[in-house]
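So the chains spell out like this:
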Amino acid sequence: MAIAKMHIWRGETGEGSFQEYECEFTPGMVVLDVIHTIQAEQAADLAVRWNCKAGKCGSCSAEINGVPRLLCMTRMDSINTDQPITVEPMQAFPHMRDLVTDVSSNFRAKKSIRPFKPRKPDAPDGTWRMQQDDVNRVQEFRKCIECFLCQDVCHVLREHHQHDEFVGPRHLVYTAALEMHPLDTEDRTADLKNEHGVGLCNITKCCTKVCPEHITITDNAIIPLKERVVDEFYDPVTRLLRIFRPNKNQQGA
């Protein structure tokens, strides 16, 4: 049995301060266990969002010693308990109460992305045929649990608060899952450039570092999307060909 000093952010709508609690913990406990113990024994009104406690719902996102992490997947024995442990809400989203933030902007951003639009079945039995390599390419993106830790650490959202101009890494992963799907026919390249702000990302890879599902966000999702935008709008050969060869939208007009 050991004792940890926890500095937990308490307050509402951005106002508040760290309050200190001491709590016993045993081997195997995670930070969320300690938070629940403090709730039960010292601060019944402490607000924290959680659900599955298994690292799959993405609800318990917070910042532990300044690093965006899942409370339920951060073991106490992985932290230096000789020093006070700070636990605070994510900084990229509006603060609601204690450790809870308003992440609703993420759901609005997701709705702005054009949905999946499959091609017509290419087999007589009404089914599609896909290569396994194509399936594997997008399967990685489906591991996302929408914890929004990547959003929280992104400097465009965290420091510059450009939520209306930039959808963020989580939603670029979602877009990549659609754009790279072998059956999808929708073209989202113009949206990436004009509405979703893919150009604002300067590929620092901080989002990849904090992903609990180990999705290679920058290299496998964001950079390929950036390349598509460059090919479509900035490549001189493509621009020249567009003058003499109308695109599919112009042909259908």
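As a reminder, the structure under discussion sits directly above these lines.
The sections below set out a description of the structure shown in this document. Once a new chain begins, its residue numbering starts again from 1 and follows that chain's sequence as written. For a predicted model such as this one, the threshold for reporting local features is a pLDDT of at least 70, and the threshold for listing and counting side-chain atom pairs is 80 or more; totals across whole chains, interfaces and linings nevertheless cover every residue. To obtain the side-chain values, all non-hydrogen atoms of the structure were used and water was disregarded.

Comments concerning the pairing of strand 2 (residues 15–25)
- For two strands to pair, DSSP has to find at least two bridges joining them. The secondary structure listing takes helices from DSSP runs of H or I that are at least 4 residues long and strands from runs of E that are at least 2 residues long, numbered from the N terminus. Alignment of strand 1 (residues 2–12) against strand 2, held across 11 bridges, turns out to be antiparallel. Across the sheet, Ile 8 pairs through a bridge with Gln 19, a residue of strand 2.
- Hairpin geometry of strand 1 and strand 2 is characterised by an intervening segment of two residues between the two adjacent antiparallel strands and by a positive phi of about 45° at Thr 13.

Section: the pattern of salt bridges
- One side-chain nitrogen of Lys or Arg within 4 Å of one carboxyl oxygen of Asp or Glu is enough to make a salt bridge. Applying the stated criterion across every chain yields a total of 17 salt bridges.
- Across the salt bridge formed by Arg 158 and Glu 63, the nearest N and O atoms sit 2.7 Å from each other. A residue pair is termed long-range when its members are at least 10 positions apart, and Arg 158 in helix 5 (residues 155–158) and Glu 63 in strand 3 (residues 61–64) qualify at 95 residues.
- According to the relative accessible area criterion, Arg 158 is partly exposed, its value standing at 22%.
- Linking Arg 188 and Asp 184 is a salt bridge whose minimum nitrogen-to-oxygen distance equals 2.8 Å. For the pair Arg 188 and Asp 184, one class covers both residues: buried.
- Taken together, the shared-partner salt bridges connect Arg 10, Asp 45, Arg 97 and Asp 98 into one network. Using a 1.4 Å probe on the protein chains alone, a residue whose accessible area is under 20% of its type maximum counts as buried, one over 50% counts as exposed, and one in between counts as partly exposed.

Re the packing of aromatic side chains
- Put simply, two rings from Phe, Tyr or Trp (the six-membered ring, in Trp's case) pair if the centres are within 6.5 Å, and we call them stacked under 30 degrees between planes, edge-to-face over 60, tilted for the rest. All told, the structure shown has two aromatic pairs when counted by the stated rule.
- Ring geometry for Trp 9 and Phe 18: centres 5.2 Å apart, planes at 85°, overall edge-to-face.
- On the accessibility criterion, Phe 18 (36% relative accessible area) is partly exposed.
- Ring centres 5.8 Å apart and planes at 75° place the aromatic pair Phe 107 and Phe 148 in the edge-to-face group. One end of the pair, Phe 107, is in helix 2 (residues 104–111); the other, Phe 148, is in the loop between helix 3 (132–139) and helix 4 (149–153), with 41 residues separating them in the sequence.
- You can call Phe 107 partly exposed: its relative accessible area is 42%.
- A relative accessible area of 4% places Phe 148 in the buried class.
- Directly above the aromatic system of Tyr 174 lies the positively charged group of Lys 110, at a separation of 4.8 Å from the ring centroid.
- Either the NZ atom of lysine or the CZ atom of arginine qualifies as a charge over a ring when it sits within 6 Å of the ring centre and within 35 degrees of the ring normal. The ring centre of Phe 233 lies 5.3 Å from the NZ or CZ of Lys 193, which sits over that ring.

Some words on the layout of surface pockets
- In this structure, the second largest pocket spans a volume of roughly 180 Å³.
- Along the wall of the second largest pocket there are 18 residues; nearest its centre are Arg 49, Gly 58, Ser 59, Val 103 and Phe 148.
- Among the residues forming the lining of the second largest pocket, the class breakdown is 12 nonpolar, four polar and two charged. The way it works is a 1 Å grid over only the protein atoms, where trapped points that fit a 1.4 Å probe form a cavity and open points with protein on both sides within 12 Å along at least five of seven lines form a pocket, and then any residue with an atom within 4 Å of a point lines it. Grid points are joined across faces, edges and corners, and a volume is the space filled by probe spheres set on the points. The residue classification treats Ala, Val, Leu, Ile, Met, Phe, Trp, Tyr, Cys and Pro as nonpolar and Asp, Glu, Lys and Arg as charged. All others, Gly included, are polar.

Overview of a nonpolar patch on the surface
- Here the term patch refers to residues with relative accessible area over 30% and no salt bridge, with like charges joined within 9 Å and nonpolar side chains (Val, Leu, Ile, Met, Phe, Trp, Tyr) within 5 Å. Values of accessible area rely on a 1.4 Å probe in the Shrake-Rupley scheme; residue burial ignores everything except the protein chains shown. A cluster of nonpolar side chains, namely Leu 240, Ile 243 and Phe 244, defines an oily patch on the protein surface of about 390 Å² accessible area.
- With respect to the helices and strands, Leu 240 occurs in helix 10 (residues 236–244).

Quick look at the pairing of strand 5 (residues 85–88)
- Sheet topology note: the strand 1/strand 5 ladder contains three bridges and is parallel. Each residue of the ladder has a partner; that of Met 6, found in strand 5, is Ile 85.
- Across two bridges, the pairing between strand 3 and strand 5 is antiparallel. Considered in strand 5, the bridge of Glu 63 is made with Glu 88.

Points about the side chain of Glu 146
- With respect to the helices and strands, Glu 146 occurs in the loop between helix 3 and helix 4.
- Identification of polar contacts relies on pairs of N or O atoms within 3.5 Å, with a donor-acceptor requirement for protein atoms, meaning one able to donate a hydrogen and the other able to accept it, and with residues adjacent in sequence counted only if both atoms are side-chain atoms. There is a polar contact of 3.0 Å between the side chain of Glu 146 and the side chain of Lys 110.
- Within the structure, the side chain of Glu 146 is placed 2.9 Å from the side chain of Arg 170, a separation counted as a polar contact.
- Glu 146 has contacts with Gly 58, Phe 107, Lys 110 and Arg 170, leaving out every residue within four places of it along the chain. In this analysis, two residues are considered to be in contact whenever any of their non-hydrogen atoms come within 4.5 Å of each other.

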